[in-house]
Amino acid sequence: AFGVVADIQFADAEDGHDFGGCRRRYYRNSLRLLREAVRAWAGESPPIDFVLQLGDSIDGQNARRGEAESALQKVLEVLGQLSVPVHHAWGNHELYNFSRARLVHTGLYSRPAGGSDGPPDRECHAYHCSPAPRLRLVVLDTYDLSTLGTEPGSPRYQESLRLLREKNSNDDLNSPEGLKEPHFVAFNGGFSQAQLDWFNEVLKFSDENQEKVIVSAHVPLHPGASNGVCLAWNYEAALSVIHAHRSVVCVLAGHLHDGAYCLDSHGVHHLTLEGLIETPPDSNAFGTVHVYEDKMVLKGWGRIPDRVMHF
């Protein structure tokens, strides 16, 4: 069993709204709801084995306020009360606050210290581990290609900007207005070929060893588990890797605060979790997933509905 939560986006700030100005965001309250989640996970029976934090742990406004480090510390302190590992995906809000080079030296870098569990690029926050026999967790880095958190002169930045400008003609690269492919916006990102090749090798190993694989990422990988905008740039390439193998049973993502779900044509479940940041004080948005031989059962709190996903 494991806990799952997405888009905490904590800031020590008064409630506000999203970029469109119409959706309420409860910045301080998100930390209180996270404490509730940690208490619930600590009381689970049988006990959980780990927690997945699906990215955007703190809000971008912390950078403007000069509070990125202190806000992150508060979130990590709450999660640190757990006696199990926490696996972190990196989201756009992490990269509004920190460079990739800095994130490597924070508590959000959950990639193990060895070299064989992830791509050769140590700043790519993708890795895999086996939390139980015949079960593998793969954490993907959906901002491996991104203009966020990288030096404007770097090859990563230049390649990402070229790709973005090729697909997005708007002055504001965060605007999907009028785009044929509206997911090509700066607040999304994508996968390098090196990460995709690595991912393919991991799934090949899992196929050969008859493992079930749970994939986690900040940005959704399937249009059916998205609103058409919150979607990884080269999601088709990631899906091609997944569908070339039989081991993946589920992809868990955040980023889209409304949440979404689909079962794709290859029998893979794509579950996008509701965001904690837009959850009112009298509710919550986290879950506990129980994994069995033939299914995963999500027990949700508040905005997150219960769900049974058969393999």
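Scroll up a little and you will see the structure.
Described below are features of the structure shown in this document. Since we're looking at a predicted model, the values are computed, not measured. (Residues numbered from 1 in each chain as written. Predicted model: local features only at pLDDT ≥ 70, side-chain atom pairs only at ≥ 80, totals over all residues. Heavy atoms only, no water.)

1. Quick look at helix H6 (residues 155–167)
Compared with the 18 Å implied by 1.5 Å per residue over 13 residues, the 19 Å span of H6 between its first and last C-alpha is a close match. When H6 is considered as a whole, its buried residues turn out to be Arg 156, Tyr 157, Ser 160, Leu 161, Leu 163 and Leu 164. Within H6, the buried residues cover an arc of 165° as seen down the axis, which keeps them to one side. Residues of H6 that are exposed and point more than 90 degrees away from the buried face comprise Pro 155 and Glu 166. (Helix = DSSP H or I, 4+ residues; strand = E, 2+ residues; numbered from the N terminus. Expected span 1.5 Å × (residues − 1). Buried < 20%, exposed > 50% of the residue type's maximum accessible area, 1.4 Å probe, protein only. Arc of directions from axis to C-beta.)

2. Things to note about the pattern of salt bridges
All told, the structure shown has 22 salt bridges when counted by the stated rule. Across the pair Arg 65 and Glu 67 runs a salt bridge whose closest N-O atoms are separated by 3.2 Å. Close ionic contact of Asp 144 with Arg 156 constitutes a salt bridge, the shortest N to O distance being 2.8 Å. Here Arg 156 lies in helix H6 and Asp 144 lies in the loop between strand S7 (135–139) and H6, a separation of 12 residues in the sequence. The exposure classification of Asp 144 matches that of Arg 156, with both residues buried. In this structure, a network of salt bridges that share partners links the residues Asp 12, Glu 14, Arg 28 and Lys 74. (Salt bridge = Lys/Arg side-chain N within 4 Å of Asp/Glu carboxyl O.)

3. Some thoughts on helix H3 (residues 68–79)
Taking 1.5 Å of rise per residue, 12 residues should cover 16 Å, and H3 covers 17 Å from first to last C-alpha, within 8% of that figure. By the burial criterion, the buried members of H3 are Ala 68, Ala 71, Leu 72, Val 75, Leu 76, Val 78 and Leu 79. Along the axis of H3, the buried positions cluster into a sector of 155°, meaning they face one direction only. Where the residues of H3 are buried, they touch helix H1 (29–42), strand S4 (50–53), helix H2 (61–65), strand S5 (86–88) and helix H4 (92–97). (Contact = heavy atoms within 4.5 Å.)

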